[in-house]
Amino acid sequence: MITPRKSLAKKSRISEDRGILFLEKQFTAKSLTQLVNGDTVAIRVQDFYDGDTGDRLGEWIMDESARVRLEANLDTNRKYPSYNRCEDLQTIYETEDRGLPSRATTASKMKAVVGRMDPLSEVLRSLSAAWPHGAEVSTYYGEKEYAGKGWVYAPGTKSDPHTDESDECPRNFAANVYLIVPERGGELLIMKKPEIEEWLSGKYGAHRELLMQHPDLHTDHPRSSYLIKPQRGELIIFDSSHYHAVRPSKEGYRVTFNMFIKMKSTDGPFLISQ
Ligand SMILES: O=C(O)CCC(=O)C(=O)O
Ligand SMILES: [Fe+2]
């Protein structure tokens, strides 16, 4: 299992562990270039978001999620069949506003709760500072897209292996700020591309069924995947064209703020979307 190697990270700022980069506090142009070029699968920024603020925001996301689900009698399991018992803040906003909310709605609601920079603004600021071509919220027909959502994984919740890609963009990333993490379980598993393609090819059956049988899903020592134990306050950005999964929390809730990040060209800005 991959856990941050604090001492090494402190000395060199960047340490490398089989395709995963560890950074402290900030992105760097070098690390983002490696991610964009596919030389690294994920970047982990330790202590990215203040832990106590993250706790407060995480608690608020859980309360809101529970309240609106109760009022609207929502069944997100039907909406997101690959997630089991996942409560999703975006659904709250869709219900309340009867439409996709603007970035401002999310950011200002979160800001009102935490009284400081919300995770979305922090990610925008940090990416813009490091990437020569900047970072912005993507637009759709001239309107700013909804960017980011909170996810509440109740104990026992998992997400099955999947990818998050859009056809028109050559690069697709997922970024998560980990607000509340369970003591045990809740690991992020990122499956290595060539090995998974080999596993899927030459075998019969649906992709999903084959992926579900992959031994890496059920061991603490996966052979062809990265198994990451996210830390409180950490930001992890990874290439979401790799199959990835979230292991069930064995104890306690897991609350994250999640963003999808597209890139239309590798010499263009990072575009944050829902
Ligand atoms: O919560 C996580 O660790 C990853 C969730 C996920 O599937 C994603 O960010 O695309
Ligand atoms: Fe995903």
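Residues numbered from 1 in each chain as written. Chains lettered and ligands numbered in written order. Predicted model: local features only at pLDDT ≥ 70, side-chain atom pairs only at ≥ 80, totals over all residues.

1. Side note on the overall build of the chain
So, point 1. Along the chain, the regular secondary structure elements total nine helices and 16 strands.
So, point 2. For the chain, buried positions account for 39% of its 274 residues.
So, point 3. Across the chain, the fraction of contacts at a sequence separation of at least 24, relative to all contacts at a separation of at least 6, is 75%. (Helix = DSSP H or I, 4+ residues; strand = E, 2+ residues; numbered from the N terminus. Buried ≥ 20, exposed ≤ 12 C-beta atoms within 10 Å, placed from the backbone. Contact = placed C-beta atoms within 7 Å.)

2. Here we look at the sheet that holds strand β11 (residues 188-191)
So, point 1. Strand order in the open sheet formed by four strands is β9-β14-β11-β12, with antiparallel pairing between adjacent strands. Looking at the sheet topology across the chains shown, the edges are occupied by β9 (159-162) and β12 (225-228). Strand-to-strand twist of the sheet, defined as the mean angle between neighbouring strand axes without regard to direction, takes the value 10 degrees.
So, point 2. Direction of pairing for β9 relative to strand β14 (residues 244-246): antiparallel, over a ladder of two bridges. Of the residues in β14, the one forming a bridge with H162 is H244. (Pairing = 2+ DSSP bridges. Axes fitted to C-alpha atoms, helices over the stretch in contact; angles between N-to-C directions.)

3. Digging into the site of ligand 1
So, point 1. In the vicinity of ligand 1, the contacting residues are S159, D164, A174, N176, L188, S240, H244, V246, T256 and N258.
So, point 2. Counting only elements with at least two residues in the shell around ligand 1, the list comes to β10 (171-180), β14 and β15 (254-263).
So, point 3. In the shell around ligand 1, the residues fall into three nonpolar, six polar and one charged. (Near = placed C-beta within 6 Å. Nonpolar A, V, L, I, M, F, W, Y, C, P; charged D, E, K, R; others polar.)

4. Focus: the pairing of strand β3 (residues 42-46)
So, point 1. Most of β3 is tucked away: four of the five residues are buried.
So, point 2. In the sheet, β3 pairs with strand β13 (residues 235-239) via four bridges, with the strands oriented antiparallel. The residue bridging V45 from the neighbouring strand is L235, located in β13.

5. So, the environment of K30
So, point 1. Tracing the backbone shows K30 in helix α2 (residues 29-36).
So, point 2. Taking the C-alpha atoms as reference, K30 lies 8.9 Å from W131; in sequence the two are 101 residues apart.

6. Observations regarding the environment of G38
So, point 1. Within the element layout of this structure, G38 appears in the loop between α2 and β3.
So, point 2. With 200 residues separating them along the chain, G38 and F238 place their C-alpha atoms 10.0 Å apart.

7. Digging into unusual backbone geometry
For residues other than glycine, phi is negative in most cases, and the peptide bonds are mostly trans.
So, point 1. One non-glycine residue, D47, adopts positive backbone phi at about 50 degrees.
So, point 2. Inspection of the secondary structure assignment puts D47 in the loop between β3 and α3 (51-72).
So, point 3. By the C-beta count within 10 Å, which is 15 here, D47 ends up partly exposed.

8. Some details on the environment of L120
So, point 1. Looking at the secondary structure, you find L120 in helix α7 (residues 119-130).
So, point 2. By the C-beta count within 10 Å, which is 22 here, L120 ends up buried.
So, point 3. Distance in space between the C-alpha atoms of L120 and K149 is 9.2 Å, their sequence separation being 29 residues.

9. Side note on the confidence of the model for the chain
So, point 1. With 77% of its residues at a pLDDT of 70 or more, the chain shows a mean pLDDT of 80.
So, point 2. Within the chain, the lowest mean pLDDT, 41, falls on helix α1 (residues 6-12), and the highest, 96, falls on β13.
So, point 3. This stretch, residues 6-16, has a pLDDT under 50; its non-local contacts, to residues over four places away or in other chains, come to 16 contacts.
So, point 4. pLDDT under 50 marks residues 92-104. Its contacts with residues more than four places away, or in other chains, come to 18 contacts. (pLDDT = per-residue confidence, 0-100.)

10. Quick look at α2
So, point 1. Within α2 the residues assigned to the buried category are S31, L32 and L35. The buried residues of α2 occupy an angular sector of 95 degrees when the element is viewed end-on, so they sit on one face.
So, point 2. Looking one or two places after α2, you find G38, whose phi comes out positive at around 85 degrees. (Arc of directions from axis to C-beta.)

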